[in-house]
Amino acid sequence: MSNSNLTRRGLLKTSAVAGAGVALPTIFTASSAAAYTNEPTGSTVTLGFNVPQTGPYADEGADELRAYELAVEHLNGGGDGGMMNTFSSKALQGNGILGKKVEYVTGDTQTKSDAARASAKSMIEKDGAIMITGGSSSGVAVAVQALCQEAGVIFMAGLTHSNDTTGKDKRANGFRHFFNSYMSGAALAPVLKANYGSDRKAYHLTADYNWGYTTEEAIKSSTEAMGWETVAAVKTPLTQTDFSSYIAPVLQSGADTLVLNHYGGNMVNSLTNAVQFGLRDKQVNGKDFQIIVPLYSRLMARGAGANVKGIFGSTNWHWSLTDEGSKAFVKSFGEKYGFPPSQAAHTCYVQTLLYADAVERAGSFAPCAVVEALEGYEFDGLGNGKTLYRAEDHQCFKDVLVVKGKENPTSEFDLLEIVEVTPAEQVTYAPDHPQFAGGALGSCNNGA
Amino acid sequence: MLGLNKKDTSLLILVAALALFAPFILNPFPAGSGMAQFNAGYPDLMQRFVIFGIFAIGFNILFGLTGYLSFGHAAFLGVGSYAAVWMFKLLSMNVVPAIILSVITAGLFALVIGYVSLRRSGIYFSILTLAFAQMTYALAYSVLTPITGGETGLQLALDDPRILDGAASSDNIPVPGLFGMEMRGSSQLELGDWVFTFSTGYYFSAIIMLLSFYLSIRIFRSPFGMMLRAIKSNQQRLNYTGLNARPYTLAAFVISGMYAGLAGGLMAAMDPLAGAERMFWTASGEVVLMSILGGVGTLIGPVLGAGLIKYMENILSKINSDILHGWFAFMPDGLEDIIVSMIYPFIGKGWHLTLGLMFMLVVIFLPGGLVEAGQRISRLFGRKKSEDKSDKSTSTEPAE
């Protein structure tokens, strides 16, 4: 018996040594002849759509995924072509990207940096994705952007509003089409001044995480610049669902305006609480009490129901815009899914087209060539008017919409009305603005 | 060999062989074929297998031997990650100092939490550890943002000091490495349609996993391990004999915390980012699941459990409805839709459901976990199993 044991062990040992011998030389040699990570060699090219399918932002993730599927359909020549027809660049032919058919893989970010990175890594390492896009939270966007920089693929950010994505955490391989906290503040301030005057006392409730901080800072600095006073800024835990205990002190503070730096479920709950407490019927300092929500989305407005009526906020895009690009997008999205797209869907669709277009113009999938094609690129016809991808921080500069909860909504999608389209010049800032300082793009990385 | 008996030696060699040939074993299907979906032999997932294996091995030293169910072990993993990333930022991109510091930090942390929590046992101990872990999570998520990076997580930056490395030579952030050998480096071997990837980071982690596994065998077989088992089987009797159990449980707690710190440090070494959600209570629950699924108190069980859960999380969750439709495309349209709609809730984002069902089945029918399943199968074919029974190396002892 011991004999048989010994042979088995001997066999294992021998095979282990042999395996090590086979493996060792290859471990330390350079991997392959590819010019860059995941160079597409066949007749197809794979894009990675990394969106939250579970967790607090799953609704947004689902809408983003719909937009991506629509974009892939249009790129491959299916459907009615959507915004490809209104896009100022005519490089896209509807025959895929550089003649290669577009395929895609999906992953679930779970709105967690770790899970998002694991998912993106498997797309890059296993599925050979040449570009990663998506995300519905700034933490995830920043984490995946850094990963893509290391791995040498392009990252086209989805919904991410924090200043840091193109501020202190910017990366050369990452691009953001969505607007940011600073732009929200800059766009909202004049509208607030016109409607509520220049001597208000503001009380901030801020979600206790990165995006909350940058939004609070942006709104504070732009409202203080026009004469408002900030009474207090209170952080609320992200997991909070009942904000009653945070709303009660607002009235005693002598403030006459409440700024809710909350997003998603947080905003739905805090706004509902505030309205239930009767804040909006109060008179403070001889003025009507007002509530402001810096970042609005249709999905949030739907959650908060009638409470959003008359409340100001900002948004990246809204389906009721009447330019040719928006109309074409709403039409093809509506025909495919039966309801209008959200701003998250819009930014994801646009990012996919922009990437495909940049590859066509560059004539190569190599990340550095794509970066060069996108940097300083000016385009139009994608729903936000004339837009610039600034080379210094890879942020898009375009008009920002100031919206208001509609008084008489006609459907469950028709909840916001556009108050003002703030022109791009008014929300443009210097690349070294203090709210964005401290980061460096580095240089583009081709990987491999 | 190495102070192990015959059976443990063969177990160690088996694990070593599995680890060495993982790139082959986990890639059974040719790239490009429809089944390639189920290949798990890409670097990131293989690294996760061994890293969570280390985490589970360490957890098993506490839970499997002493029976103390800690619900806060993810905190040590997180602390280890933060320590490692700070080492990368301040000292050097070499992984050695980072991993050493992460083990030490997690150990100190475990000492403090263990000292307080171990004053109670059973459910009170579990709740105390859970509370501590959630406190750490909350601190890391918001209050300690300057140190932990808050929600965004702690990341490397171009202008980090990195005292030992000197100024960055290029415009890009350097990557962690072992004396110049980059962790993310890899090479590929193409055999016909098969593509096998050998990653430096994976083999580095695998070697550390083997060392941890060996250490865990030695602990299991040592007098110290025996004492821990005594605590599990009857702590009261132990007290009556005049022995104070607490130093032993505290030692086990700290050791297992250090294992978690090691896993956290390795995670940061493979992917230099530390996020707070690594410390969330669900992450602590995951390691409990891993241990139970694999077989609590067995040597190899937790490693298997870790592999199974990570496989499901990364492979099953990526199957979307399009792929399903692809599989069943041969069926008539109506039937295809019915089949897809029946399977769909269990894959993709519904993978948790499958995991839950599997966990229930294992707990009800295989209380000893996957290891018990293996034993039952080998008993079916086995000839000489009864003689080896004297040594209980791989036999199972349900947790409580």
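Residues numbered from 1 in each chain as written. Chains lettered and ligands numbered in written order. Predicted model: local features only at pLDDT ≥ 70, side-chain atom pairs only at ≥ 80, totals over all residues.

Undergrad: Mind showing me how you'd approach the overall build of chain B here?
TA: Of the regular secondary structure elements, chain B holds 18 helices and six strands. By the compact-globule yardstick of 21 Å for 400 residues, chain B fits well, its C-alpha radius of gyration being 22 Å. The principal-axis extents of the C-alpha atoms in chain B amount to approximately 70 × 65 × 40 Å. Burial statistics for chain B: of 400 residues in total, 48% are counted as buried. Put simply, 74% of the contacts in chain B that link residues at least 6 apart link residues at least 24 apart. (Helix = DSSP H or I, 4+ residues; strand = E, 2+ residues; numbered from the N terminus. Rg over C-alpha atoms; globule rule 2.2 N^0.38 Å. Buried ≥ 20, exposed ≤ 12 C-beta atoms within 10 Å, placed from the backbone. Contact = placed C-beta atoms within 7 Å.)

Undergrad: Quick question: what am I supposed to make of unusual backbone geometry here?
TA: Trans peptide bonds make up the majority, and among non-glycine residues the majority have a negative phi. All names here are of chain A. The phi dihedral of leucine 98 is positive, around 50°, even though this residue is not glycine. Phi angles above zero are rare outside glycine, and asparagine 285 is one such case at about 50°. Mapped onto the secondary structure, asparagine 285 falls in the loop between strand 9 (283–284) and strand 10 (287–288).

Undergrad: Got a minute to help me understand the environment of glycine 348 of chain B in this structure?
TA: All names here are of chain B. The topology assignment puts glycine 348 in the loop between helix 15 (333–343) and helix 16 (351–365). The sequence separation of glycine 348 and isoleucine 123 amounts to 225 residues, and the corresponding C-alpha distance is 34 Å. Setting aside anything within four residues of it in sequence, one finds glycine 348 in contact with Ser317, Ile319 and Asn320.

Undergrad: Just checking my understanding: could you explain the sheet that holds strand 4 (residues 154–157) of chain A for this structure?
TA: Sheets are built from strands that pair by backbone hydrogen bonding, the pairs being arranged parallel or antiparallel. Residues and elements named next belong to chain A. With respect to topology, five strands assemble into an open sheet ordered 2-1-3-4-5, the strand pairing being parallel. Each edge of the sheet is formed by a strand with only one pairing partner; in this case those strands are strand 2 (101–108) and strand 5 (174–176). Direction aside, the axes of adjacent strands within the sheet are offset by 20° on average. One ladder, built from three bridges, connects strand 4 with strand 5; its direction is parallel. Residue pairing for strand 5: methionine 156 is matched across the bridge by phenylalanine 175. (Pairing = 2+ DSSP bridges. Axes fitted to C-alpha atoms, helices over the stretch in contact; angles between N-to-C directions.)

Undergrad: I'm lost on the confidence of the model for chain B in this one. Help?
TA: For any part of a model where pLDDT is low, the fine detail of the predicted coordinates should not be relied upon. Residues and elements named next belong to chain B. Summarising the model, chain B shows a mean pLDDT of 85, and 94% of its residues fall at 70 or more. Confidence over residues 387–395 falls short of pLDDT 50; this stretch has seven contacts with residues more than four positions distant or in other chains. Here the predicted complex carries an ipTM of 0.80, next to a pTM of 0.84. (pLDDT = per-residue confidence, 0-100.)

Undergrad: Help me understand helix 12 (residues 281–294) of chain B, please; the structure alone is not making it clear to me.
TA: Since the α-helix turns once every 3.6 residues, residues separated by three or four places project in the same direction. All names here are of chain B. Taking 1.5 Å as the rise per residue, helix 12 with 14 residues should run 20 Å; its terminal C-alpha atoms sit 20 Å apart, in good agreement. Among the 14 residues in helix 12, eleven count as buried, and that is most of the element. Here helix 12 has its buried residues at Ala283, Ser284, Glu286, Val287, Val288, Leu289, Met290, Ser291, Ile292, Leu293 and Gly294. The first or second residue beyond helix 12 is glycine 295, which carries a positive phi of 130°. (Expected span 1.5 Å × (residues − 1).)

Undergrad: Where do I start with the pairing of strand 4 (residues 186–191) of chain B in this structure?
TA: Sheet faces and side chains relate simply in a regular strand, where the side chains alternate between the two faces. Residue and element names in this part refer to chain B. Taken together, the six bridges between strand 4 and strand 5 (residues 194–199) define a ladder with antiparallel strand orientation. The partner of glutamate 190 across the bridge, within strand 5, is valine 195. In sequence, strand 4 turns back onto strand 5 through a hairpin of two residues, with glycine 192 there showing a positive phi of about 60°.

Undergrad: Can you walk me through the pairing of strand 6 (residues 201–207) of chain A in this structure?
TA: Residue and element names in this part refer to chain A. The buried fraction of strand 6 amounts to six of the seven residues, a majority that puts the element mostly inside the structure. Two elements, strand 6 and strand 7 (residues 229–236), share seven bridges in a ladder whose sense is parallel. Opposite threonine 206, over in strand 7, you have lysine 235 as the bridge partner. In terms of handedness, the path from strand 6 via helix 6 (residues 210–225) over to strand 7 forms a crossover that is right-handed. One ladder, built from five bridges, connects strand 6 with strand 8 (residues 257–261); its direction is parallel. Bridged to alanine 202 within strand 8 is threonine 257. (Right-handed = clockwise from strand over helix to strand, strands pointing away.)

Undergrad: Help me out: how do you make sense of the nonpolar core in this one?
TA: Considering soluble globular proteins, one finds that nonpolar side chains tend to be buried as a cluster. One finds Ile54, Phe55 and Ala263 of chain B to be the most contacted residues of the largest nonpolar core, which totals 237 residues. Structurally, this core is a two-domain feature, drawing no fewer than three residues from each of domain 1 (3–179 + 320–398) and domain 2 (182–315 + 402–427) of chain A. Residue contacts for phenylalanine 55 of chain B: discarding those within four places in its chain leaves Leu77, Tyr259, Ala260, Ala263, Val287 and Ala306 of chain B. (Core = buried A, V, L, I, M, F, W, Y, C linked by C-beta atoms within 7 Å. Domains from an automatic or database assignment.)

Undergrad: Can you walk me through the packing of helix 3 (residues 43–66) of chain B against helix 12 of chain B in this structure?
TA: Angle between the axes and distance between the axes: these two values describe a pair of packed helices. Residues and elements named next belong to chain B. In the contact formed by helix 3 and helix 12, the axes pass within 9 Å of each other and the chain directions differ by 80°. By the angle between their axes, helix 3 is roughly perpendicular relative to helix 12. Judged by residue contacts, Phe52, Phe55, Ala56, Phe59, Asn60, Phe63 and Gly64 of helix 3 engage Val287, Met290 and Ser291 from helix 12. A breakdown of the residues in the contact of helix 3 with helix 12 according to their chemical character gives seven nonpolar, three polar and no charged. (Parallel < 35°, antiparallel > 145°, perpendicular 65-115°, else oblique. Nonpolar A, V, L, I, M, F, W, Y, C, P; charged D, E, K, R; others polar.)

Undergrad: Sorry if this is basic, but what is going on with the interface of chain B and chain A here?
TA: Taken together, the contacts link 40 residues of chain B with 42 residues of chain A. Of all the elements in the fold, those that place two or more residues in the side of chain B that touches chain A are helix 1 (6–20), helix 3, helix 6 (122–143), strand 4 and helix 8 (200–221) of chain B. When residues of the side of chain B that touches chain A are assigned to their parent elements, the largest contribution, five residues, is made by helix 1 of chain B. The residue makeup of the side of chain B that touches chain A, split by class, is 16 nonpolar, 15 polar and nine charged.

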